[in-house]
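As a plain string of letters, each chain reads:
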Amino acid sequence: MLVVGAGCAGMRAAIEAFDGGSDVALLSKLHPTRSHSGAAEGGINAALGNASEDAPDDHAFDTARGSDWLGDQDAIEILCAEAPGDVYQLENWGAVFSRTQDGRIAQRPFGAAGHPRTAYAADITGHVLLQVLYEQVIKRGIRVYDEYFAWKLVEDAGRCVGVIAWNLLHGGLEAISSRTTILATGGAGRLYVGTTNAYACTGDGMTLALRAGVALKDMEMMQFHPTTLAPTGVLITEGCRGEGAFLLNKDGERFLENYAPNAMELASRDVISRAEQTEIDEGRGIDGNVLLDLRHLGAEKILERLHGTRELSMVFAGIDPIYDPIPVRPGAHYHMGGVDTDVWGRTSLPGLYAAGEVACISVHGANRLGGNALMETITFGRRAGQDASDLALRTSDSPVPESALHDAETELKTLLDRTDGERPWKIRDELASTMHDNFGVFRREEQMEEQGTIVEGLRERYEKVVVEDKGDVFNNDLTQALELGFLLDLADCMVVAGLARKESRGAHARPDDYPDRDDENFLRHTVVEWKDGKPEIGWKPVTITKWQPAVRSY
Amino acid sequence: MQVALKIWRANSSTGGRELCEYEVDAPEWATLLDVLDIIKDRHDGTLAYRKSCRMMICGSCGMRMDGAAVLACKTRMASIAESGHVPVISPMGNLPIVKDLVVDMEPFWAKFRAVKPYLQPGYTVPPANREHRISQKRMNAIHKESLCINCGCCVSECNAMESSPEFLGPQALAKAMRFVGDPRDGAKNERLEDVNGQHGIWECTRCYFCNERCPKGVDPRDAIAKLGAESIKEGIDRDMGAKHAKWFVHSAKTTGWLRETELVPKTQGIVESIKQARFALSLARVGKVPPPFPPHVAKDVRESRRLHELLHEQELGGFAGVVQGEAALAKLANGHVEGARDPYGPGSFPKPEGA
Amino acid sequence: MGTVKRVAYYKGCLASLSAKELDSATQALAPRVGLELEELESVTCCGAGDIQEAEPDYSLHLNARILSYAAATGCDTLMTVCNVCTLNLRQANFQLIGDAELRARVNRNLISVGVPAYEHDVDVRHLLWELAEGEGWARLQGAAHKGLKGLKIAPFYGCQILRPSRILGFEDPDRPSSLERIIEACGGEAVDYPAKLKCCGFPIIQAREETALGELVQPIEQAIEAGADAMVTPCPLCHLSLDAWQSKLKATTGRDFALPILHLSQLIGVAAGLGESELKFKRHVVPVGPVLEKLDG
């Protein structure tokens, strides 16, 4: 079986599958340790109870409420119940967590959490987890198709039978057959001009699934992280606020007093991003930013627990947070939406799974709590790995048909042969800036509609995109052009879903026309399917087990 | 701002290499990576280099600027452009070139795998479904080594590896130390044996290029010293390098000054010393081989001997002796001077209420 | 002439023994460049990279002892003439100054063996730094009256006077200029070549000779190709490998190099008109005679 994407979710899935007896391989367009999971900073949530009395039920409630009740509570309950065991396993494998006074895994407070349950490793938690998982991959000798760009999923006789990938190092398309395939390709932050995401986060798996006939869920739900650096969107961890940092406007006021008076800087991310955007839009920002003030934490704490943050701030903003507040603004960060799966990572296409940010089970609903993403990658990566492995062991081989490879080669040749046309960067930049303007923190009907038209226009121009590098060896001019194609399809889906949801919920905020939440009509997931080259909207109910939707305020 | 670069282009399949010059318009905040993106997007799509996170954590964009390995995403271009300097960008050293700035990382990963970079659980088993209980202080022993993002900048500049390509190298050895120092690992002595081979720690030439180039503060050279100290502490000291090091200790506590003449036979053994006789003569002829007797003894050397005995009682042996100094040295790396400026002083953003 | 600067002088192992010529030249040069040397006697080897790699706690204490005795002279500066000593002493210094608890522990240990505690901080500086700028630089120019008459000198820095730069910190480790300035002040012409800042291989010249020689050949070969008459280095360990091991390069390359290698003090000493009795070139393996003849001829 094959796992496409080798970040935390992908590697955890592969490890589980290997331990379950499967001949599993990882395939990734980046070397595994380059995956964007490594950029996660603040921590991973689990009700370990090391910092306070805590219970999985509390974690689940916080998550359900944090999701603005759009999260499927059966999935949430599973995540929160299994999280502690998964975190302990990571530690037993050697993860270098920060420690409490009595030597246990340290946990810090994080946004919208009732108890401090975010287990952390200074402010490089993602890096630490990525390293420990890669170590376990090496220990088992799991095969890695390193620097292979997955371009198409292959369906045959109603099953997913493998992928067609471009070999980046040597060139050429290759068909890799697998009985089951797990997509773990992460998110699509590159849709936006200000994003915390790496260049590699182009939503590959989502589009692969979409084009293979699988539905995408809640695509309008893109989380904007409140503290990113201008202009590029480099992430400044929520951990700063967990350690006690303040958010200030240009008048030095902790403006969250007016938006989230109880939780203040530890309210949920969508609430804070909207608060910031409002302050900025109403003229109380500085150059389009608000200020994240760490000065009162003191040099010692900053150097010990937020060392990475300080370095990022100094290199990219020229600010030493010991002495000056950091200018921050909302940036596209995490896609709550994604490939529609169940609690075992199964999609509607037999043999195809998804786990991690690429998937939408949905655990996070309309807004994700900080620290829950890493947890999801591990818990649901493991579950998808287990189920996909069990299925693979019960399934017979079914190779990728030669015609699929042949067709792909023809399509690729057309692209590569083209000499007359537009270079991808213009289309890419226009997509990102218009998405930022028209589909950002605040959504408005006319702007969303306009965005739909813009995306249509960009997709037309994309038909004539030119790849300058015609060579075989390390042709990332080609792969970057293919990534743009993925992004364009996703943008289309997002706009359609955004227009369809006529309410404000979580990260989808429509302040002008639908400022309130409408549980009666919209306590359901948007579902988008690709029909005749266009996204078609549908709906899916939310699973409620324990908690009825209530007022959500911080 | 206008930024000019010279880039060494190369293609392993054609074998050609050429130095190409580019000049582009870039924003003031642009990094080297941003400039490469502008060149690739708008001028030459065939330019090949790796990138991903653009925030110094994924380790993809290692390359050389003016012969020194850096992360392209960490290198701000404003001051370089302003000074009018045109840097030369080339791929990392000590690794085969694939294309332009892309190197074949497989030899790097092979050495990484060679040190068995995964926890081998020991005798202390945590209670079922819970974590090992370890103090933060104890874990700090491997804090720096755990920062490594596998970027290759250290390997690129390693002088020993350039001369001896099979040298395990700074990255692999730092990773080895990450496990040797991890209290949860049960294979310490096997690991130490592994790094005491022909191309292990004793081949490090101590050029400190790795410490200098590492963009994350791992200090691989210090990790290698930690491995050496721990090896000798555990009695793994057959290597000439270990014998050489131990003779320094012996000299310091007996005569104070290094007992140079005896160093050769003590390090290389009698047989090898005899083979080197002719070479030794060339030194002796000019007086560089002082007779070992009477020994050149420093004044008050008994203080040194007493110190040695005292420290053995205090048992801060092995890598702990290096780790104890890391907190102070981190201050140098942080570039933070206590009390240098009042964060709320005149000219600062005002102190918020409740701070 | 200006006031004389009194410095605590730590010469290190090599200058005491196999590189006696370095100590002799330095002591003779000092008064000419306004330095009064207070030689430290109750000291030991700084440990080189070796004690650090064998018993780092002992290494820290040995260096603390040297610092303490240096402070006891009442001088503000502890002057070294070796790269490795400089790095070790500076590193120990930063560790003690930056960590009060560590310093307290080390001092307790020093006191209990009869060594004064290290209380008053000293600054560790290589002779190279003393003479490359400021007052020292001015005096150097005055002292170098005989001059080098345009002799082509290849500077070889040696790793540990440059790296790690946050501990050494005197100049840009990738674009240093102290040696070039001194060469030029002495009337010589500094010659550039790629391996100027690389490693000579000395630390592994016994344990891994082949690897070390692969490093050593680079500066020697390149300096000769660049037209150098001689090479200068501020480190006696580099000097040992560059000078004493140069003949071994014949076996690996088939070439006889014969590039004279000078200690920094000797180079300045020549320019200042010092003679053989002080500079002791007879102690070199590669004869320095040809270069001196060129000067006099």
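These numbers were taken from a predicted model, which means no experiment stands behind them.

A. Quick peek at the domain arrangement of chain B. Residue and element names in this part refer to chain B. The domain boundaries assigned to chain B delineate domain 1 (2–103) and domain 2 (105–119 + 137–259 + 295–327). Between the C-alpha centres of domain 1 and domain 2 the distance comes to 33 Å. Taken together, the contacts link 19 residues of domain 1 with 17 residues of domain 2. Counting each side, the surface lost to burial between domain 1 and domain 2 is near 1,400 Å², with a carbon and sulfur contribution of 57%. There are one salt bridge connecting domain 1 and domain 2. With its nearest N and O atoms 2.9 Å apart, the salt bridge here joins glutamate 157 to arginine 64. Put simply, the parts of the chain that give the side of domain 1 that touches domain 2 at least two residues each are strand E3 (62–65) and strand E4 (68–71). The dominant element in the side of domain 1 that touches domain 2, judged by the number of residues it contributes, is E4, at four residues. Looking at the side of domain 1 that touches domain 2 residue by residue, the classes come out as 11 nonpolar, five polar and three charged.

B. The interface of chain A and chain B, seen in detail. With 81 residues of chain A at the interface, the matching set in chain B holds 82 residues. With both chains or domains summed, chain A and chain B bury close to 6,700 Å², and 52% of this area falls on carbon and sulfur atoms. Together, Arg34(A), Tyr199(A) and Tyr323(A) form the three largest contributors to the area buried by chain A at its contact with chain B, with a combined 12%. A salt bridge links Lys74(B) to Glu311(A); the shortest N-O distance between them is 3.3 Å. Joining chain A to chain B, the criterion identifies 49 residue pairs in polar contact (both at pLDDT 80 or more). Of all the elements in the fold, those that place two or more residues in the side of chain A that touches chain B are helix H3 (73–92), helix H4 (125–140), strand E13 (246–248), strand E14 (290–293), helix H8 (299–305), helix H9 (307–317), helix H12 (424–438) and helix H14 (476–500) of chain A. For the side of chain A that touches chain B, the class distribution of residues is 34 nonpolar, 24 polar and 23 charged.

C. Molecular detail of the sheet that holds strand E6 (residues 143–146) of chain A. Residues and elements named next belong to chain A. Overall, parallel pairing links the five strands, which are arranged E6-E2-E1-E10-E17 in an open sheet. A single partner strand is all that each edge strand has here, and the edge strands are E6 and strand E17 (352–354). On average, each strand axis in the sheet is tilted by 20 degrees relative to the strand beside it, whichever way the strands run. Summarising the sheet, strand E1 (residues 2–4) and strand E2 (residues 25–28) pair through three bridges and their orientation is parallel. Counterpart to valine 3 in the pairing with E2 is leucine 26.

D. A look at the environment of Leu37(C). Tracing the backbone shows Leu37(C) in strand E2 (residues 35–39). Leu37(C) has contacts with Val7(C), Tyr9(C), Thr26(C), Gln27(C), Ala30(C) and Met79(C), leaving out every residue within four places of it along the chain.

E. View of the nonpolar core. Grouped together as the largest cluster of nonpolar side chains are 238 residues, with contacts concentrated most on Ile44(A), Tyr10(C) and Leu78(C). Within the second largest apolar cluster, 81 residues are counted, among which are Trp151(A), Leu349(A), Ala408(A) and Met435(A).

F. Quick look at the side chain of Lys217(A). All names here are of chain A. Mapped onto the elements of the fold, lysine 217 is located in strand E11 (residues 216–217). Relative accessible area serves as the criterion here: at 1%, lysine 217 is assigned to the buried category. For lysine 217, the side chain forms a polar contact with the side chain of aspartate 340, separated by 2.9 Å. Look past the residues within four positions of lysine 217 in its chain and what remains in contact with it is Asp72, Gly337, Gly338, Asp340, Thr341, Cys360, Ile361, Ser362, His525, Thr526, Val527 and Lys540.

G. Expanded view of the interface of chain C and chain B. Across the contact, 80 residues belong to chain C and 77 residues belong to chain B. For the chain C and chain B pair, buried surface summed over both sides reaches about 6,800 Å², with 55% attributable to carbon and sulfur atoms. Contact with chain B buries surface across chain C, with Glu53(C), Gln206(C) and Arg208(C) losing the most and accounting together for 13% of the total. At the boundary of chain C with chain B, the tally comes to 10 salt bridges. The salt bridge partner of Lys198(C) is Glu162(B), with a shortest N-O separation of 2.8 Å. There are 37 residue pairs in polar contact (both at pLDDT 80 or more) connecting chain C and chain B. If you list the elements that add at least two residues to the side of chain C that touches chain B, you get helix H1 (12–16), helix H3 (48–54), helix H4 (56–72), helix H5 (83–98), helix H6 (100–112), helix H9 (165–168), helix H11 (209–225) and helix H12 (236–244) of chain C.

H. Region of interest: unusual backbone geometry. A cis amide bond links Ile361(A) with the next residue in sequence, Ser362(A), at an omega value of 20 degrees. As for its position among the elements, Ser362(A) is in the loop between strand E18 (359–360) and helix H10 (372–394). The omega torsion across Arg163(C) and Pro164(C) is 0 degrees, close enough to zero to call that bond cis. By the element assignment, Pro164(C) lies in the loop between strand E5 (152–155) and H9. Positive phi is not limited to glycine here, since Asp218(A) has a value of about 50 degrees. One can find Asp218(A) in the loop between E11 and strand E12 (222–228). Located in the positive-phi region is Phe474(A), a residue other than glycine, with phi close to 45 degrees. Within the secondary structure, Phe474(A) sits in the loop between helix H13 (445–462) and H14.

How each quantity is defined
- Residues numbered from 1 in each chain as written.
- Chains lettered and ligands numbered in written order.
- Predicted model: local features only at pLDDT ≥ 70, side-chain atom pairs only at ≥ 80, totals over all residues.
- Heavy atoms only, no water.
- Domains from an automatic or database assignment.
- Contact = heavy atoms within 4.5 Å.
- Buried area = accessible area lost by both parts, 1.4 Å probe.
- Salt bridge = Lys/Arg side-chain N within 4 Å of Asp/Glu carboxyl O.
- Helix = DSSP H or I, 4+ residues; strand = E, 2+ residues; numbered from the N terminus.
- Nonpolar A, V, L, I, M, F, W, Y, C, P; charged D, E, K, R; others polar.
- Polar contact = N/O pair within 3.5 Å; in protein donor to acceptor, adjacent residues only side chain to side chain.
- Pairing = 2+ DSSP bridges.
- Axes fitted to C-alpha atoms, helices over the stretch in contact; angles between N-to-C directions.
- Core = buried A, V, L, I, M, F, W, Y, C linked by side-chain atoms within 4.5 Å.
- Buried < 20%, exposed > 50% of the residue type's maximum accessible area, 1.4 Å probe, protein only.

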